[in-house]
Amino acid sequence: MIADEGPLDWDTSAAADAYRDRDMRLAEELIFPAVLERLGGGSGADRLALDVGCGTGAVAARLAGTGQWAVQALDPSADMLDIARTDRPHPRVSYRLFDGRTLDWLADDSVDAAVCCLVYCTDPDDGRLAALTAEIRRVLRPGAPYLLADLNPEATGVAFSTLRRGEPDTVYTDGDSVATLLRLRDGTTMTGATCYRSLDRYRSFLTEAGFPSPEVELPTLAHDGPTDEAPAEARTAPYMILTTYA
Ligand SMILES: C[S@@+](CC[C@H](N)C(=O)[O-])C[C@H]1O[C@@H](n2cnc3c(N)ncnc32)[C@H](O)[C@@H]1O
């Protein structure tokens, strides 16, 4: 069990291998469909979407699979990109290594949509994320959507079916490193370090980069039975989805 060895750095081949085997059910229900819906339809090969911090390619492949977007899928981890290229090749996805900060091969106002899922929480460097957010703002054409999905900062310590971030009854503040347990498909777990930031800090990244303050969604799982039998993810949102426009 990888969790016993302490938090993994995300930018390692061990983290990439473990992340490949994560249990994606909650993200598949609560993040990915909502992100595709908020992006709206592209129309043909000319519409370009960025998947920033694509990891093993789950979001990029779904976006390209709609047939409506050409996707540039970017990540600073060569190990994550190797897995993405192997597991999720797609003729409309181009995977690209980048520095996590700069989009200098893209012209101003040249991109039709950008998504960034579960990335800010894995990068403790505020300066890099501020620069990256400003770059995303620069390359998006006016009115284009930016979808930023991440762990819900109000859900630390909650034992969801596929993840738990931090300890119950512990107050975290901006910049704290929080051990975050992810369940893998075989029932074992991995633990990665994530960086805690409040919702206000996320808003600041966006507004300081020139985006309007985002709409905030906190999706929970539908549950029909008695409330006291509801799983944690039916009562508390594991993730948040921020939507803003260039
Ligand atoms: C938890 S994974 C999420 C991957 C994918 N977006 C998903 O939802 O499955 C986080 C990814 O963010 C990448 N990452 C970390 N810092 C980044 C940065 N500054 N810019 C872009 N990607 C970054 C990591 O290399 C890793 O692949």
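Since the model is a prediction, treat every value here as computed from it, not as a measurement. (Residues numbered from 1 in each chain as written. Predicted model: local features only at pLDDT ≥ 70, side-chain atom pairs only at ≥ 80, totals over all residues.)

**Focus on the pairing of strand β5 (residues 145-151)**
For step 1, the next point in the chain: Burial analysis of β5 places six of its seven residues in the buried class, the great majority of the element.
For step 2, the next point in the chain: Bridge analysis of strand β4 (residues 113-117) against β5 gives four bridges, and the strand direction is parallel. Looking across to β5, one finds that A114 is bridged to Y146.
For step 3, the next point in the chain: Handedness of the crossover joining β4 and β5 through helix α6 (residues 126-139): right-handed.
For step 4, the next point in the chain: Relative to strand β10 (residues 239-245), β5 is paired through seven bridges, and the arrangement is antiparallel. Note on β10: the bridge partner recorded for L151 is Y239. (Buried ≥ 20, exposed ≤ 12 C-beta atoms within 10 Å, placed from the backbone. Helix = DSSP H or I, 4+ residues; strand = E, 2+ residues; numbered from the N terminus. Pairing = 2+ DSSP bridges. Right-handed = clockwise from strand over helix to strand, strands pointing away.)

**Details of the sheet that holds strand β6 (residues 163-165)**
For step 1, the next point in the chain: Taken in spatial order, the three strands of this open sheet run β6-β7-β8, and their pairing is antiparallel. Looking at the sheet topology across the chains shown, the edges are occupied by β6 and β8 (189-195). This sheet shows a mean twist of 20° between the axes of neighbouring strands, independent of strand direction.
For step 2, the next point in the chain: Relative to β8, strand β7 (residues 177-183) runs antiparallel, the two being bridged by seven bridges. The residue of β8 that forms the bridge with A179 is A193. (Axes fitted to C-alpha atoms, helices over the stretch in contact; angles between N-to-C directions.)

**Observations concerning the packing of helix α3 (residues 32-39) against helix α4 (residues 58-65)**
For step 1, the next point in the chain: One way to put it is that α3 packs onto α4 with a least axis distance of 11 Å and a crossing angle of 45°. Taken together, the axis directions place α3 and α4 in an arrangement best described as oblique. Classified by chirality, the crossing of α4 by α3 is right-handed. Residues F32, V35 and L36 of α3 form the contact with α4, whose own contacting residues are V59, R62 and L63.
For step 2, the next point in the chain: The class makeup of the residues in the contact of α3 with α4 is five nonpolar, no polar and one charged. (Parallel < 35°, antiparallel > 145°, perpendicular 65-115°, else oblique. Left-handed = near helix turned anticlockwise from the far one by under 90°. Contact = placed C-beta atoms within 7 Å. Nonpolar A, V, L, I, M, F, W, Y, C, P; charged D, E, K, R; others polar.)

**Overview of the pairing of strand β3 (residues 93-97)**
For step 1, the next point in the chain: Both strand β2 (residues 70-75) and β3 contribute to a ladder of five bridges, which runs parallel. If you follow A73 over to β3, its bridge partner there is Y95.
For step 2, the next point in the chain: Regarding the hand of the β-α-β motif, the stretch spanning β2, helix α5 (residues 78-87) and β3 is right-handed.

**Some words on the site of the ligand**
For step 1, the next point in the chain: Of all residues adjacent to the ligand, which total 21 residues, the nearest are G53, G55, S77, G100 and D123.
For step 2, the next point in the chain: Per-class residue counts for the shell around the ligand are 12 nonpolar, five polar and four charged. (Near = placed C-beta within 6 Å.)

**Thoughts on the confidence of the model for the protein**
For step 1, the next point in the chain: For the protein, the average pLDDT comes to 92, and 95% of its residues sit at 70 or higher.
For step 2, the next point in the chain: Note that pLDDT drops below 50 for residues 1-5; the model gives that stretch 10 contacts with residues more than four away or on any other chain. (pLDDT = per-residue confidence, 0-100.)

**What to know about the sheet that holds β3**
For step 1, the next point in the chain: Overall, mixed pairing links the seven strands, which are arranged β3-β2-β1-β4-β5-β10-β9 in an open sheet. Every interior strand has two partners, whereas the edge strands, β3 and β9 (215-217), have only one. Each strand of the sheet is rotated relative to its neighbour by a mean of 15°, with strand direction disregarded.
For step 2, the next point in the chain: Sitting on the sheet, α3 is in contact with β1 (48-52), β4, β5, β9 and β10, with an inclination near 165° to β5.

**Quick look at unusual backbone geometry**
For step 1, the next point in the chain: With phi around 55°, D109 is a residue other than glycine that occupies positive phi space.
For step 2, the next point in the chain: Assessed through the 12 C-beta atoms surrounding it within 10 Å, D109 is described here as exposed.
For step 3, the next point in the chain: Backbone geometry places L118, a non-glycine residue, at a positive phi of 60°.
For step 4, the next point in the chain: Structurally, L118 can be placed in the loop between β4 and α6.

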